[in-house]
Amino acid sequence: MEQQQRHEFRPSWDLCREVPYIQDDQMPKKRVQCLKWFSCAIVGILVFVLALLSKTSFLLLITFGNNHTEIICSEQKPTALLGIGFVLIVPSVLLLLKSTWKFIFKSASMPSKKTLFWVLFVEFLVALGAAVLTIVAMPHFDIVTNVMILNSVSILSAVFQVVAECLAKEKKRLIMLPVCSIFLIVTGYVLFAMNYLLFESSLEINISIGLAIVGTICVSVNWWENYSTLFAVSFLEGISRDVAQSRNVVCIISSLVRILVTSAVVGAYVPLSGREWKSVKLVFKTVVVSLVAIQIASSALCRWFVVVACKMHALRRSFVLPMYLASITVLAVFLIPTSVRLPNSNQTSSCFETFQPKSSDEWLYLMLTDAMITLNTRDIVVHKKTGGLVCLGCSALSWWLGLMLSTVYIWYLKIHRIERTQDLFVRRMYEGAFLEQSMLLNTRFEIRKRIKERKHEEEPIRVFLCATMWHETYDEMMKIIISMFRLDKYRPKTKEQEQSDVQFEFHIYFDDAFKDVDNGRHANEYAEIIVDVIKEVYTIFSEEDPCIFKQRPALPRQKIINTPYGGRLEYTLPKGNLMMVHLKDKTLIRHKKRWSQIMYLYYILGWRLNRQYFKELKAGAELGSLKENLKKDRENTYILALDGDTDFQPSAVMLLIDRLKLYPEVGAACGRIHPTGTGPMVWYQKFEYAVGHWLQKTAEHVFGCVLCSPGCFSLFRGAALMDDNVMKRYTTKASEASHYVQYDQGEDRWLCTLLLQQGWRVEYNAASDAYTNAPQDFKEFYNQRRRWGPSTMANTIDLLGSGRLTSQRNSSISKLYILYQIISMAASILGPATICLMISGSFVFILNMDENLALALAIVPPTVYLILCFKLKSDTQIKIAAIMSVLYAFLMAGTILSIIGDLVKQKTFLTPSGLFLIGMVVLYIITAALHPQEFSQVIYGLLYFLCIPSGYLLLVIYSIVNMNNVTWGTRETGSQAKTTAVDTIKKKFMNATCCRCPCLESEDLSEKILPAETTTQTEKTHIPLETQRDHEFQLSPHQTWIEHLQMKSYEFPLDEYPLPLDEINFWIELQKKYLEPLKENKEQQEKVADDLRELRNKVTFAFFFCNALWLVATFFLQAIGDSISIKIPKIYPNGTYDPTEVFSLDPIALMFLLSFTVLLLMQFVGMLYHRIYTLIHFVAYADTEIKSYRKQSHQSHQMLDTNHQPKMYGSDTALCFQNPSARSITSV
């Protein structure tokens, strides 16, 4: 009997269903894996090739300094030594420039005297050792020795590893690896010394051997910082902390020391060796310059690609393996080609003065042969002394194996999904002479035990998803609810997942959710829709088996709570996560989006987060530990701000979490917002959003900070929101006219402005995709931008006004970035005048009109529209704008055709208009090609171009003139949505009474294991169908809103629960202090309206006065004529030009064109940089998620094998038919 109450069969006569389309990206596609492998393979090949070029070119410079080589004559040997000096100095010069830039625009902390003296000592030692080794000693040795002796610089790193692991009491097998490395390197030293002392001993050689060994040991001190914190020595630990805090100054000092010491060694050694600098200039222009350039470029690129390989989680195949093989391959490059002889020629000497190679092959062969002279002239090779050859080979092999064993820890290095470069590598720059050795030894070393301990100590991230709703339709609500349930499935909250890295909780804040009825208030139709949507989506995600012959489990009982602000619904989702729907009554609490945000900020961060620590303090907990724990909790608590119609995948959320988790200075991060809908207005917005994200947001991210993190999909750090002058100031009630524009019309941008001014960084992640509905109606679009335009301008001016203070507090915002934003702001302000000039140019092109007359004619329509906007209602203004937009679109179409026709007529595209048009088209196509998933947006580019006058002229006029209108402008009435809602409710009810939607089949086996708290709440009293219908259509007029929703949700039972007393007090106090409903005061409203009109008049005058100045200046310059115009000769595509035909361009137009071009190119460069790092992050995410998914699936299989006991319903149920339509969860 109990079983029958809990389960019921589906109706046999009505099995067809209507289910929403649900996408699931938990399992990446094969193309993602292919992209990962392809990217890692390309990076690995580039690392290997670049390391090969770097090492080969450097060794060739070394051999040129050998007295036995012939490619550079003996009197010109200082040229090669000078080239070696350049190779040693260039990394220090690059580090000096980078650190100086950061010192000026970012951190300028100074080190202590103790740290300063230590850095000077170490850098002097390393620079002296590197210069003596490469400039003084190595030119005296053969090529085999020179290739492998560089590997011996790992000796002290191996020693430090042994000491650190012994202190940490690591396993003996781990300690033996660096011990063997020390033994092999020392053996290499001994064999190296024996090889020369026993067979070719001389004073010069003996001195060089000693200098080489001492030099390698001095260079090996370079990576002391990698082990300084592992020895438990307070002196080294203190210096390491001080160096980390004052990194920029330390790098500047170390770079200067390196440059001075290397220059001194080069300058002193040449005269001490009996040589002069006479012939340096002659030879330095040829092969040495080429080798130095190749070495510098390949080393810098190789270092960058190594960083890329590490961040892509391809350490083994794309970093360690290519570096290990570099030395062996270089040795093969020198040894193998010498078996092939050069074709017969008449040269008697290879010196530049007597012989010049004619081809690149001869050049390469000549240099390789010259390098082999250093080996072929040795006595052990000439006389084939076996002992000497064995010593040579064994010493080279010992050094190579020693480097491998001392860096084998990198093979097992564990890194996070995304890592900072400073966390991967200890020093900021590479060593020019020891590229592969410096990159390997510079990689972070960690004790295995500490890695495991730190892994267990990592605290999970708590993410609260907070969506604000008002008058969303059924379909819009369905998107956000499905997204939340999808995330619940992605990160279950079960006993098996208690140690999950991320924990989610879902909140929906529903504005104006109640309506007046007889003798009380009930939830309105929108609240009924959300209940119905949650029920339907819950059914889809909770039902395990869609088989039509299986019994269906009843939906678990949920909670409904009466609250001081209205009401709350609490759902435990199928995978255990909690969802709260807060129904706001506007008669009890302040409504609209900003106040809903303040509501959840104080509830989650103020009440939920802080309360537990105050309880612990009252219980007698230690104050110091409470402060530290509270600080960590604030930093690890994130809030994902959402709109009521946002659609997103779990991967989008995780990618944003990565940004905040890795970078503690990041206060907020936003994703790529995609507008959805149909119609021309949506098409226009698709390209507008694409260009804005492709170029503008990426440039802001790269060069400074993103100025606006949209509230429809942005992740905020709790510590940033709770910082001074952020959350508290965000509660400010608008009391002045400017407040209404800045605070209430663009609350998302204002919140980001507060974060930036407080020193937090705001970032953009292009791989984090979210979809939201865009206005499909011209009127709705104009009203939306009427809010956005003035608020954007107000917040940008506020930020620029505090630019000096902001640049001091925010390390990501430099004064140059402030200048960039000033130029962008000026371009935005002068946009209408620029469009008028473009329209006048169209008149000139199409009608062959006089320039001044065309300019006057272009100004008249917008001026008339400006005047009409002051006189007419907003709806009439929009209608006029729509008509003018169509006319302007025809004009723009004619302009495009006229420009193309003019290019054909002029027989060249090298004209100002032609270059501008072609350049813009090519740039946007290239930009779109770098976003292959969004390349189709280019199709809407033509519509965007046709609508430029509407978007940048008419819309600007409408927004500025209607600045005093502070209504929301969208979803104001919602009449259409209400009709849709009622129809949907009726439709869903009729379906629900006769058909239960079977669940989709899950692709994740772990879904079959329900959370314990969910399975224990499945009991439900069976209600006869007739009784259900009676309850549905015969509601008592005196029932409360709770009873009303309980009757509406009879299939998904809602049990009434009381709210705890302390939380009731919290809501009452919060309402009284910040969220008390605003009282209507006619006098105050009239005053605010007058102030808004006065502000509108001032802003309108200033805004259009600037545009008028721009137009008047252009008019007078055109009137003056050719006397001040800039003449540009007509150039044909074949390179010839006609001096009799010129194009005239006035200075203002040229200045604007150049400024616009520079801004666009800067954004394009920023986009390229951002795309590369977006790819790196995406590949790293795909790699880690694949491993995580496989691990989770493996655990699920094991649990199913141990716990699953099939239930028998009889022999008839053995045959099971599955509904094909059930598989609507699709992997992407």
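Residues numbered from 1 in each chain as written. Predicted model: local features only at pLDDT ≥ 70, side-chain atom pairs only at ≥ 80, totals over all residues. Heavy atoms only, no water.

Scanning the protein from terminus to terminus reveals 45 helices and 19 strands. For the protein, with 1228 residues in total, the buried portion stands at 54%. For the protein, the proportion of contacts with a sequence separation of at least 24, taken over those separated by at least 6, is 83%. (Helix = DSSP H or I, 4+ residues; strand = E, 2+ residues; numbered from the N terminus. Buried < 20%, exposed > 50% of the residue type's maximum accessible area, 1.4 Å probe, protein only. Contact = heavy atoms within 4.5 Å.)

Moving on, we get to the nonpolar core. Counting residues in each nonpolar core, the largest one holds 125 residues, and the members touching the most others are F64, V306, F319, M323 and F334. The biggest single contributor to this core is helix 2 (residues 30–64), with 12 residues. Apart from residues no more than four positions distant in its own chain, V306 is found in contact with V47, F319, M323, F425 and M439. (Core = buried A, V, L, I, M, F, W, Y, C linked by side-chain atoms within 4.5 Å.)

Of all 11 residues that make up strand 13 (residues 666–676), 11 are buried, and the element is covered over most of its length. Where strand 13 lies against strand 15 (residues 761–773), 10 bridges are found, and the strand directions are parallel. The partner of I673 across the bridge, within strand 15, is A770. Bridge count for strand 13 against strand 14 (residues 713–717) is three bridges, and the pairing is antiparallel. Paired with C670 across the strands is S714, a residue of strand 14. (Pairing = 2+ DSSP bridges.)

Across all of its chains, the model carries 46 aromatic pairs by this definition. Aromatic rings pair up to connect Y684, F687, F778, F781, Y782, Y924, Y944, Y952 and Y958 into one cluster. It is R590 that lies over the ring of W595; its NZ or CZ is 4.4 Å from the centre. One residue, R594, lies across the ring of Y730, its end atom 5.9 Å from the ring centre. (Phe/Tyr/Trp six-rings, centres within 6.5 Å; stacked < 30°, edge-to-face > 60°. Lys NZ or Arg CZ within 6 Å of the ring centre and 35° of its normal.)

Here we come to the environment of M323. Checked against the element boundaries, M323 lands in helix 13 (residues 315–335). Judged by relative accessible area, which is 1%, M323 ranks as buried. Separated by 275 residues in sequence, M323 and F48 have C-alpha atoms that sit 6.7 Å apart.

Let us look at a nonpolar patch on the surface. Taken together, the side chains of F909, L915, I918, V922, I926, L930 and L1168 define a hydrophobic patch exposed on the protein surface, amounting to about 530 Å² of accessible area. Residue contributions to the nonpolar patch peak at four residues, all from helix 36 (residues 912–929). Its location among the elements puts I918 in helix 36. On the basis of relative accessible area, I918 is assigned to the partly exposed category, the value being 35%. (Patch = residues over 30% accessible without salt bridge, like charges linked within 9 Å, V, L, I, M, F, W, Y side chains within 5 Å. Areas by Shrake-Rupley, 256 points an atom, 1.4 Å probe, with all protein chains shown as cover. Salt bridge = Lys/Arg side-chain N within 4 Å of Asp/Glu carboxyl O.)

This part is about the state of the cysteines. Inspection of every chain in the model, using the stated rule, returns zero disulfides. In this structure C670 is a free cysteine whose sulfur lies 7.6 Å from that of C752, the closest cysteine sulfur available. (Disulfide = S-S within 2.5 Å.)

Attention now goes to the sheet that holds strand 15. Strands sit in the order 12-15-13-14-11-3-4-10-9-8-16 across an open sheet of 11 strands; the sheet is mixed. Both outer strands of the open sheet, strand 12 (647–648) and strand 16 (1054–1057), are each paired with one neighbouring strand and no more. Bridge analysis of strand 8 (residues 558–563) against strand 9 (residues 566–572) gives five bridges, and the strand direction is antiparallel. Residue pairing in the sheet places N562 in a bridge with G567 of strand 9. Against the sheet, helix 24 (residues 650–662) makes contact with strand 3 (461–469), strand 4 (502–510), strand 11 (637–643), strand 12, strand 13, strand 14 and strand 15, and its axis sits at roughly 170 degrees relative to strand 15, the strand it touches most. (Axes fitted to C-alpha atoms, helices over the stretch in contact; angles between N-to-C directions.)

Another aspect to go through is helix 22 (residues 593–618). Taking 1.5 Å per residue, 26 residues should reach 38 Å; helix 22 reaches 36 Å between its end C-alpha atoms and fits that length. If you look at helix 22, its biggest bend is around 35 degrees, right at R611. Phi for G620, located one or two positions after helix 22, is positive at around 100 degrees. (Expected span 1.5 Å × (residues − 1). Bend = angle between axes of the 7 residues up to and from the residue.)

Turning our eyes to something else, we now look at helix 3 (residues 77–105). Because each turn of an α-helix spans 3.6 residues, side chains separated by three or four positions end up pointing in the same direction. Taking 1.5 Å as the rise per residue, helix 3 with 29 residues should run 42 Å; its terminal C-alpha atoms sit 43 Å apart, in good agreement. Within helix 3, the axis deviates most sharply at I89, by approximately 30 degrees, and proline P91 lies no more than four positions further along.

A few words now on empty space enclosed by the protein. This structure, assessed with the given rule, holds 11 cavities of 30 Å³ or more. Counted as a void, the largest cavity has a volume near 240 Å³. Those elements giving two or more residues to the lining of the largest cavity turn out to be helix 3, helix 4 (113–137) and helix 10 (247–272). At six residues, the largest contribution of residues to the lining of the largest cavity is made by helix 10. (1 Å grid on protein atoms, 1.4 Å probe; cavity = no way out; pocket = protein on both sides within 12 Å on 5 of 7 lines; lining within 4 Å. Points joined across faces, edges and corners; volume = space filled by probe spheres on them.)

Taken as a whole and assessed by the stated rule, the structure comprises 38 salt bridges. We note a salt bridge from K584 to D511, for which the minimum N-O separation is 2.9 Å. Of this pair, K584 sits in strand 10 (residues 578–584) while D511 sits in the loop between strand 4 and strand 5 (514–517), and the two are 73 residues apart along the sequence. Neither residue differs from the other here; K584 and D511 are each classed as buried. The partner of D748 in a salt bridge is K593, and the shortest N-O contact between them spans 3.6 Å.

The packing of two helices is summarised by the inter-axis angle and the distance between the axes. Running from amino to carboxyl end, helix 3 crosses helix 12 (residues 287–311) at an angle of 20 degrees, the nearest separation of the two axes being 10 Å. Relative to helix 12, the element helix 3 is oriented roughly parallel. You can see that helix 3 and helix 12 cross each other, and the crossing is right-handed. Packed against helix 3, whose contacting residues are T79, G83, F86, V87 and V90, the element helix 12 presents V288, V292, Q295 and I296 at the interface. Tallied by class, residues from the contact of helix 3 with helix 12 come to six nonpolar, three polar and no charged. (Parallel < 35°, antiparallel > 145°, perpendicular 65-115°, else oblique. Left-handed = near helix turned anticlockwise from the far one by under 90°. Nonpolar A, V, L, I, M, F, W, Y, C, P; charged D, E, K, R; others polar.)

Attention shifts here to the side chain of T637. Relative to the elements of secondary structure, T637 occurs in strand 11. Here T637 falls in the buried class, since its relative accessible area comes to 1%.

Glancing now at the pairing of strand 9. For a regular strand, side-chain orientation follows a simple rule: the groups alternate between the two sheet faces. In terms of burial, strand 9 is largely enclosed, as seven of its seven residues are buried. Turn length for the strand 8-strand 9 hairpin, with the two strands adjacent in sequence and antiparallel, is two residues. One ladder, built from seven bridges, connects strand 9 with strand 10; its direction is antiparallel. Across the sheet, residue G566 finds its bridge partner in strand 10, namely K584. Linking two consecutive strands that pair antiparallel, namely strand 9 and strand 10, is a turn of five residues; a positive phi of about 100 degrees is found at G576 within it.

Let's shift gears to the environment of H739. Among the structural elements, H739 can be located in helix 28 (residues 737–744). Among the residues examined, H739 registers a relative accessible area of 14% and is labelled buried. As a C-alpha pair, H739 and A794 span 55 residues in sequence and 9.3 Å in three-dimensional space.

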